[in-house]
Amino acid sequence: MEKVLDRVIHRQTQTSAYWSALTITADDAEFLYGFILEAGKPQRIGDLTLALIRHRVEQENEALRRQWADNNVYQPKNRYAVGERLIFPALKFASGRVVGVRPGNNPDLGEFEVIAVQFDDGRRREFAANYPRAHRLNDEDATALFDAQHLKTPEALYEEHGAQVAAALTAALEDNDEFIRIGEEWFLRAMMAEVNIGHLNLAEAVLDVANGGPLTTDVILRDLGLPPDIGDKVQEASLNNALAADPRFDEVSLNDRPAWFLRRLEPAEVREMPQPLRAVRFPGNTTISAELTRLARELDDELEFDETIPVTPAHSATLILTFPHRRAGTLGWSHAAASVLPQSLKPRIPMRFKDRATQKEVTVWLVRAGRYVWGLGDWFKANDLPAGAYIELSRSDAENLVWIDYRRRRPKREWVRVANLRDGRLHLETAQRAVACEVDELMSVFVDDPRLFDALRSDRPRDVMQAVREAFPEIAKLSPQGNVHARTLYAVVNLITRCAPTDVFAALTASGSYVPVGDNYWHLSER
Amino acid sequence: MKLFRPTENTPFHIDYSWFEKNGQDVNVLIYKCLTPEQQERLAGVPADEALDFVDEDTGEVRRVTRAMQIIRTERADDPTFISSRLPVAESVFRIFLLNDNQPLTPIELAARVGRKPSEIVAQLGGRAVYNGIRPIMN
């Protein structure tokens, strides 16, 4: 006997299994087409997802209503005739047809009837009818079975399953030519306003006058003269789509409101990676020690940025300025920097850094290819920062403004590591220089004329192994024991060749000319 | 032939055909489940007379004997009807009388009789059959 476990209509849309196995059908696409058409403007995937969930729930309700339209709800107190269709709430809403009626036989229960019911699945069972005695089903209000009060609302279902439905929906819309993605929103291709080459040339002129931008789409639209009968939102979506497809323009907004910049007016160092940042790799598969691997991770060079490791947002981060970045006027967009900078997948984004001491603002560009932040050359120069200086970034309340500072201290002359060129080769010495900031002792290198190193890089480029071979003895000679810390080696090698810590350490290990003496210090082998 | 060994997850039920095969009358066993007062009320009533019993949850009608009707209507909520003081086979038999012989595993039965599932398997899973209770073999 099937016992009553729940007295509610079993609705698939209330289950996780339904949403995790969801397939977007042609009917869904048609519904979403109509939804966007009615809205008349692009819709975010979250809004489309919620609309789809509502649609599916309503579809299910409609199907239940249709299923129930020709059926009476079985209640023992009622009389039923042969041929009547019944639905049984207590049997998970199974339905069947009355195929027989006979008198009931039980002196304790008085007079009643027994109906034979043939269920739709073929089973045949008997039920009491014309049964006036107290019975749970007799007391139930049949209409309450439709009561949706106990059900999760579409909004609650969205909270629970929205992410996976949105993923399935995004994939389906991407495969459907009738829909078009504009940034984070979806729109109908057929509703897009026509944006021709003339409009795009005008947009270029508008941005040209604004020194390249950035300008938001609505500002550019003012001068374009798209048909006024097309809604503002649609005009914006159409222009955004056309601008995104034209290589003359870059979308550089940090939020969901697109803003455009004329690519040819972006700084050359943003369009192309500055020379000092162009890295060489160490060929081969040399395995480095766990200690060196840890050090490489600690150095957090953007050349070894791992996209698979999630970036945890932080209020502030400290970076160590290396010579290539000092020379290029950049900072590495490393994990530490990324924890403070806005998260974005766009290729180039301008934003502002504000000097905490002077309150002066600098426009910088976050460049995704090469992962660097360009625009700090003047700031480095003004503050006389050497390679090895600690740079501090911290978040501000504004989304496109980050505080920048360095660890200041009273200037005084100190004995420091100074790099020069002698006979076309790297030469290190210890000399007195004025130092006005705190530096990483192992990584600081003062360079009197950085241009000399530009020439060295272009005239006689070294591979990683050559650079290690040239740097190691120069560092070693400055220490009484002749020891070289791997951290110092990485900093000095990067004076002459831009390369990642792992490559420097691989060359150091593979060479065979050096031996580790502990704590990441290395010594020239006596062999 | 492979020996079938029931486990704690093997469903059991009352195999009514077992009574016929062994020349026993299940109605006698059911009658013993009644109190003396209930047995007195059944005096003179044929043991196999079938009545229409209306399920209180679903309205479904089952043909049952008067003794079964009394058990289901008067003993279902009686805490002494099934208790850990009764022998395992007796408690399990009574559970199946009340639930219309819906199969249950030793784990499910154990929760209702207040015993360990292993005890149920040890008692009912051997060669000897008590009260017609047998495992369902697939």
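Residues numbered from 1 in each chain as written. Chains lettered and ligands numbered in written order. Predicted model: local features only at pLDDT ≥ 70, side-chain atom pairs only at ≥ 80, totals over all residues.

1. Focus: the interface of chain B and chain A
Reports of interface size often rely on the accessible area that becomes lost once the parts have come together.
Working step 1: Across the contact, 13 residues belong to chain B and 21 residues belong to chain A.
Working step 2: Here the element with the most residues in the side of chain B that touches chain A is strand β2 (residues 50-54) of chain B; it accounts for 4 residues.
Working step 3: Partitioned by chemical class, the residues of the side of chain B that touches chain A number 4 nonpolar, 3 polar and 6 charged. (Contact = placed C-beta atoms within 7 Å. Helix = DSSP H or I, 4+ residues; strand = E, 2+ residues; numbered from the N terminus. Nonpolar A, V, L, I, M, F, W, Y, C, P; charged D, E, K, R; others polar.)

2. Some points on helix α15 (residues 486-496) of chain A
Working step 1: For α15(A), the tally of buried residues reaches 11 of 11 residues, placing the bulk of the element in the interior.
Working step 2: Among the residues making up α15(A), those that are buried are A:Ala486, A:Arg487, A:Thr488, A:Leu489, A:Tyr490, A:Ala491, A:Val492, A:Val493, A:Asn494, A:Leu495 and A:Ile496. (Buried ≥ 20, exposed ≤ 12 C-beta atoms within 10 Å, placed from the backbone.)

3. Observations concerning the sheet that holds strand β17 (residues 390-395) of chain A
All names here are of chain A.
Working step 1: If you trace the 7 strands from one edge of the open sheet to the other, you get β12-β17-β18-β14-β15-β16-β13, paired in mixed fashion. With partners counted over all chains shown, the strands left at the sheet margins are β12 (316-320) and β13 (330-332), one partner each. In this sheet, adjacent strand axes meet at a mean angle of 30 degrees when their direction is disregarded.
Working step 2: Pairing of strand β14 (residues 348-355) with strand β18 (residues 401-406) involves 4 bridges; the strand directions are parallel. Directly across from Arg 352, in β18, lies its bridge partner Leu 401. (Pairing = 2+ DSSP bridges. Axes fitted to C-alpha atoms, helices over the stretch in contact; angles between N-to-C directions.)

4. Details of the packing of helix α14 (residues 464-476) of chain A against α15(A)
Residues and elements named next belong to chain A.
Working step 1: In contact at an axis separation of 9 Å, α14 and α15 are set at 125 degrees when each is read in the N-to-C sense. Of the possible angle classes, the one that applies to α14 and α15 is oblique. In the packing of α14 onto α15, the handedness of the crossing is right-handed. Between α14 and α15, the residues in contact are Ala 467, Val 468, Glu 470, Ala 471, Phe 472, Glu 474 and Ile 475 and Thr 488, Leu 489, Val 492, Val 493 and Ile 496, respectively. (Parallel < 35°, antiparallel > 145°, perpendicular 65-115°, else oblique. Left-handed = near helix turned anticlockwise from the far one by under 90°.)

5. Some thoughts on the confidence of the model for chain B
Residue and element names in this part refer to chain B.
Working step 1: In this model, chain B carries an average pLDDT of 88, and 97% of its residues clear a pLDDT of 70 or more.
Working step 2: The spread of mean pLDDT over the elements of chain B runs between helix α4 (residues 66-75), the lowest at 88, and strand β1 (residues 12-14), the highest at 94.
Working step 3: Under the prediction, the complex receives an ipTM of 0.76, its pTM being 0.59. (pLDDT = per-residue confidence, 0-100.)

6. Quick notes on unusual backbone geometry
Note: most peptide bonds trans; most residues except glycine with negative phi.
Residue and element names in this part refer to chain A.
Working step 1: Cis geometry is adopted by the peptide bond preceding Pro 214, which originates at Gly 213 and carries an omega value of 0 degrees.
Working step 2: Residue position: Pro 214 is located in the loop between α5 (197-209) and β9 (215-216).
Working step 3: The backbone of Gln 359 sits at a positive phi, close to 65 degrees, despite the residue not being glycine.
Working step 4: Secondary-structure assignment places Gln 359 in the loop between β14 and β15 (361-367).
Working step 5: The backbone phi angle of Asp 384 is positive, close to 55 degrees, even though this residue is not glycine.
Working step 6: Along the chain, the position of Asp 384 falls in the loop between α12 (377-383) and β17.

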